[in-house]
Amino acid sequence: MNEARKTKKQLIGEMQDLRLRLAQMENPESRPQKTDKDLYIKDRAMASSVIAISMTDMDSRITYANKAYLTLWGYDREEEIFGQDVKMFAHNPYDVERILQTVLNTGSWNGDVVGKRKDGSCFDAEMFCNIVLDKEGKPLCFMGSFVDISKRKQTEEQLRASQMKYKTLYDSSRDAIMTLTPQEGFISGNPATVKMFECKDESEFVSQSPADLSPQYQPDGQLSIVKAQEMMKIALDNGSHYFEWKHIQMNGREFDATVLLTRMELEGKKMLQATVRDITERKRAEQALKKAKDELELRVKERTEELSQANARLQEQIAVRIQAEQKLLDYQNKLRSLASQLSLTEQRERRQIAAELHDRIAQNLAFSLIKLGDLTEKTAGTETADVLKDINELIEKIIQDTRSLIYDLGNPVLEQKTFEEAVEEWLCEQIEKQYCIECQFEDDGRPKRLSDDLRLVLFQSVRELVINIIKHAQAKKVKVTTQRDDDNTIIIMVKDDGIGFEPDKISFTIGRTGGFGLFSIHERLGYLNGKMKIQSKPGKGTCVTLIAPLADHV
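Residues numbered from 1 in each chain as written. Predicted model: local features only at pLDDT ≥ 70, side-chain atom pairs only at ≥ 80, totals over all residues. Heavy atoms only, no water.

Undergrad: Teacher, can you tell me more about the side chain of aspartate 496 here?
TA: Inspection of the secondary structure puts aspartate 496 in strand E13 (residues 489–496). This buried residue, aspartate 496, is left without a salt bridge; lysine 495 holds the nearest opposite charge, at 11 Å. A polar contact is formed between the side chain of aspartate 496 and the backbone nitrogen of glycine 498, at a distance of 2.7 Å. Setting aside residues up to four positions removed in sequence, aspartate 496 forms contacts with Ile469, Ala473, Ala475, Lys477, Gly541 and Thr542. (Helix = DSSP H or I, 4+ residues; strand = E, 2+ residues; numbered from the N terminus. Buried < 20%, exposed > 50% of the residue type's maximum accessible area, 1.4 Å probe, protein only. Lys, Arg positive; Asp, Glu negative; His and termini not counted. Salt bridge = Lys/Arg side-chain N within 4 Å of Asp/Glu carboxyl O. Polar contact = N/O pair within 3.5 Å; in protein donor to acceptor, adjacent residues only side chain to side chain. Contact = heavy atoms within 4.5 Å.)

Okay, here's the thing in structure tokens:
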């Protein structure tokens, strides 16, 4: 029967026969027969071993594998590997052939192999392989035991890499690296050390003591030999120590260096690793930098004094200018106050003139017109009647002009009606008819007692705001609302649905952005303890709010 076609049952039978024969071979003279119990114990011992054990027939097909072997190779059941060629479990099948041939020739083999698991991954193992012979010396099978050394291999590889890395850094470092002890002095030095101290080679360097490569005294006045022992003691006690040191080369040239002493233990022996860096150039640069800094500080000090003097002069000029500006501002405020007073005085005079025109001239003209009418009737049909008729028409024209002048001077509507009624009548009867724009007026109905000056200023302000809307806002609708709030003030809002504008660009100062009308309203209201607010956005219309104290609050 072909070995590759053996059934599982046949393989298990051969394995049991093999175990029996192995047991009989152990000591046939003293123990010619083995009981089933003895065989069972040996079988369980092999099966439970933590070392992976396997057996193959002489054709290298697996006939036995313990649990540790299955686990190591990633299998779950013995049936998966029984009858399989052992080469399929190796990363390199040719290694298996070579090992088995060696075992046939010498009886055993020991070494490292690379196994291949069920999932295809590989691992390192140490293998012990020998051939099993019967009592006549004929080979029965191959027996191998395996120990997973993957972690050990990995650790060794890491150690080799670390050693190689350290050696590379040690040899290629631009800093001088050396080892030493307080008792023995220098033990080793890298190429940078040999170069730094101008030695021929490492042997010449280690033949020197730390005192030989230092001047007699350090910059602080201490003996180098004494201070060196102190530095090494600190490093041994604390684990490391960093400091500056004055060294000397073999040719006698002194140089400044930084020294880092690090405590280390090598082969159970405590020693120090010293990393020395030449800082001569850095010291020169620091000295040059210090000199430049001192010069710069001197120049800065001189310049600062100059700037201080210039600043003092400037402060004096600023103080003078501030005083002048304050005086100018005071004059401007006085001028604004005088302008507001002048405007109010002007309005009073206009009202007085209008009253005089109404009470005297207009009434006298009306009386004259009546008299002239009587005279015209008496002279009817005569040439005098025609002359009187012309005089009558002329007097009527003078009366109309006088009434118009009286309205322009004093706006008699304010004399005859309340502020709210005057605004409503003027809006509805004058503006809406004359300019064909929709006007609305809304009042909260609460009494609002205003001083004569404030009534006049508020009326003129509303009229000026509405005229500005007609001229500039391209509005279709205007709404004026009046109300009294709990602070005993009157609030007047003039709204439109026009093109709007940016309020931030409006200034209440004459000569800057913004019309004289808004400035005039702002100043006149301010003089009477009032104020004005503007809310507007391009395309969203405008709302101007006037706020002023009522007469009870003045």
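Undergrad: Which parts of the structure should I look at to understand helix H4 (residues 93–106)?
TA: Since the α-helix packs 3.6 residues into each turn, any two residues three or four apart lie on the same face. A rise of 1.5 Å per residue sets the reference length of H4, with its 14 residues, at 20 Å; its end C-alpha atoms lie 20 Å apart and thus fit the reference within 8%. Taken as a whole, H4 has its buried residues at Val96, Ile99, Leu100 and Val103. Down the axis of H4, the buried set is contained in an arc of 95 degrees. They therefore lie on one face. Facing away from the buried surface of H4 by more than 90 degrees, the exposed residues are Tyr94, Asn105 and Thr106. Residues of H4 that are buried sit in contact with strand E3 (108–116), strand E4 (122–133) and strand E5 (139–148). In the stretch just after H4, glycine 107 is the one whose phi turns positive, near 100 degrees. (Expected span 1.5 Å × (residues − 1). Arc of directions from axis to C-beta.)

Undergrad: What am I meant to see in the sheet that holds strand E14 (residues 531–536) here?
TA: Overall, mixed pairing links the 5 strands, which are arranged E11-E12-E13-E15-E14 in an open sheet. The open sheet has two edge strands with one neighbour each: strand E11 (438–443) and E14. Pairwise comparison of adjacent strand axes, ignoring direction, gives a mean angle of 15 degrees for this sheet. Sheet analysis places strand E12 (residues 477–484) next to E13, joined by 7 bridges and oriented antiparallel. Paired with threonine 482 across the two strands is isoleucine 492, which belongs to E13. Lying on the sheet, helix H13 (residues 452–473) is in contact with E12, E13 and strand E15 (542–549); it crosses E13 at an angle near 10 degrees. (Pairing = 2+ DSSP bridges. Axes fitted to C-alpha atoms, helices over the stretch in contact; angles between N-to-C directions.)

Undergrad: Mind showing me how you'd approach a negative patch on the surface here?
TA: A contiguous patch of negative charge, built from Glu383, Asp386, Asp390, Glu393 and Glu396, is present on the exposed surface. Structurally, aspartate 390 can be placed in helix H10 (residues 383–410). (Patch = residues over 30% accessible without salt bridge, like charges linked within 9 Å, V, L, I, M, F, W, Y side chains within 5 Å. Areas by Shrake-Rupley, 256 points an atom, 1.4 Å probe, with all protein chains shown as cover. Charge placed at Lys NZ, Arg CZ, Asp CG, Glu CD.)

Undergrad: Which parts of the structure should I look at to understand the pattern of salt bridges?
TA: Close approach of charged atoms allows side chains with opposite charge to pair. If you walk through the whole model with that rule in mind, you get 26 salt bridges. With a shortest N-O distance of 2.8 Å, glutamate 80 and lysine 118 are connected by a salt bridge. Pair noted here: glutamate 80 is in the loop between helix H3 (67–73) and H4 and lysine 118 is in the loop between E3 and E4, with a separation of 38 residues, a long-range link. Residue glutamate 80 is classed as partly exposed on the basis of its relative accessible area, which comes to 22%. One salt bridge connects aspartate 278 with arginine 253, and the closest N-O pair in it is separated by 4.0 Å.

Undergrad: Hey, could you run me through the sheet that holds strand E1 (residues 52–56) in this one?
TA: Whenever strands of a sheet pair, they do so through backbone hydrogen bonds, lying parallel or antiparallel. The strand order across the open sheet formed by 5 strands is E2-E1-E5-E4-E3, and the pairing between neighbours is antiparallel. Edge positions in the sheet fall to strand E2 (62–65) and E3, since each has one partner strand and no second. On average, adjacent strands in this sheet sit at an angle of 30 degrees to one another, irrespective of strand direction. For E4 and E5, the ladder comprises 9 bridges, and the chain directions are antiparallel. Within E5, the position partnered with alanine 125 by the bridge is aspartate 148. The strands touched by H4 are E3, E4 and E5; relative to E3, the strand with the most contacts, the crossing angle is about 165 degrees. The sheet contacts of helix H5 (residues 150–172) involve E3, E4 and E5, and relative to E4 the element is tilted by about 130 degrees.

Undergrad: Please clarify how the packing of aromatic side chains should be interpreted in this entry.
TA: Aromatic ring pairs are reported here in terms of the distance separating the ring centres and the angle at which the planes meet. Scanning all chains against the criterion turns up 10 aromatic pairs. Ring geometry for phenylalanine 243 versus tryptophan 245: centroids 5.9 Å apart, planes at 75 degrees, classification edge-to-face. Taking relative accessible area as the criterion, phenylalanine 243 reaches 12% and is therefore assigned buried. Counting every residue linked through ring pairs, the aromatic cluster contains Tyr69, Trp73, Tyr75, Phe89, Phe123 and Phe146. (Phe/Tyr/Trp six-rings, centres within 6.5 Å; stacked < 30°, edge-to-face > 60°.)

Undergrad: Would you mind showing me how to read unusual backbone geometry here?
TA: Negative phi characterises most residues that are not glycine, and trans characterises most peptide bonds. We note that glutamate 198 has phi near 55 degrees; this positive angle belongs to a residue other than glycine. With respect to the secondary-structure elements, glutamate 198 resides in the loop between helix H6 (191–196) and helix H7 (202–206). In this structure, asparagine 529 takes a positive phi of about 65 degrees despite not being glycine. Among the structural elements, asparagine 529 can be located in the loop between helix H14 (516–527) and E14. By relative accessible area, which is 65% here, asparagine 529 ends up exposed.

Undergrad: Even after reading the chapter, I still don't get helix H8 (residues 224–238), so can you show me in this structure?
TA: Helix length check: H8, at 15 residues, gives a terminal C-alpha distance of 21 Å against a target of 21 Å (1.5 Å per residue), a fit within 8%. Restricting attention to buried positions, one finds in H8 the residues Ser224, Lys227, Ala228, Met231, Met232 and Ala235. Down the axis, H8 shows its buried residues gathered within 140 degrees of arc, on one side only. Residues of H8 that are exposed and point more than 90 degrees away from the buried face comprise Ile225, Lys233 and Asp237. Once H8 ends, the next one or two residues include glycine 239, with phi positive near 100 degrees.

Undergrad: So what exactly am I meant to see when it comes to the pairing of E3 here?
TA: The side chains of a regular strand alternate, residue by residue, between the two faces of the sheet. By the bridge criterion, 9 bridges tie E3 to E4 in an arrangement that is antiparallel. By the bridge assignment, serine 108 is partnered in E4 with asparagine 130. Following E3, the chain reverses through 5 residues before pairing antiparallel with E4; glycine 120 in that reversal takes a positive phi of roughly 95 degrees.

Undergrad: I'm lost on the nonpolar core in this one. Help?
TA: In a soluble, globular protein the nonpolar side chains are often hidden away together inside. By size, the foremost hydrophobic cluster in this structure holds 35 residues, and its most contacted members are Leu427, Leu458, Val480 and Leu546. When contributions to this core are tallied by element, the ones reaching two or more residues are helix H12 (419–435), E11, H13, E12, E13, H14, E14 and E15. Looking at this core element by element, the count peaks at 9 residues for H13. The residues touching valine 480, leaving out its near neighbours within four places in the chain, are Val423, Leu427, Gln440, Phe441, Glu442, Val462, Ile492, Met493 and Val494. Of all hydrophobic cores here, the second largest spans 27 residues; its members include Ile81, Val86, Leu100 and Phe123. (Core = buried A, V, L, I, M, F, W, Y, C linked by side-chain atoms within 4.5 Å.)

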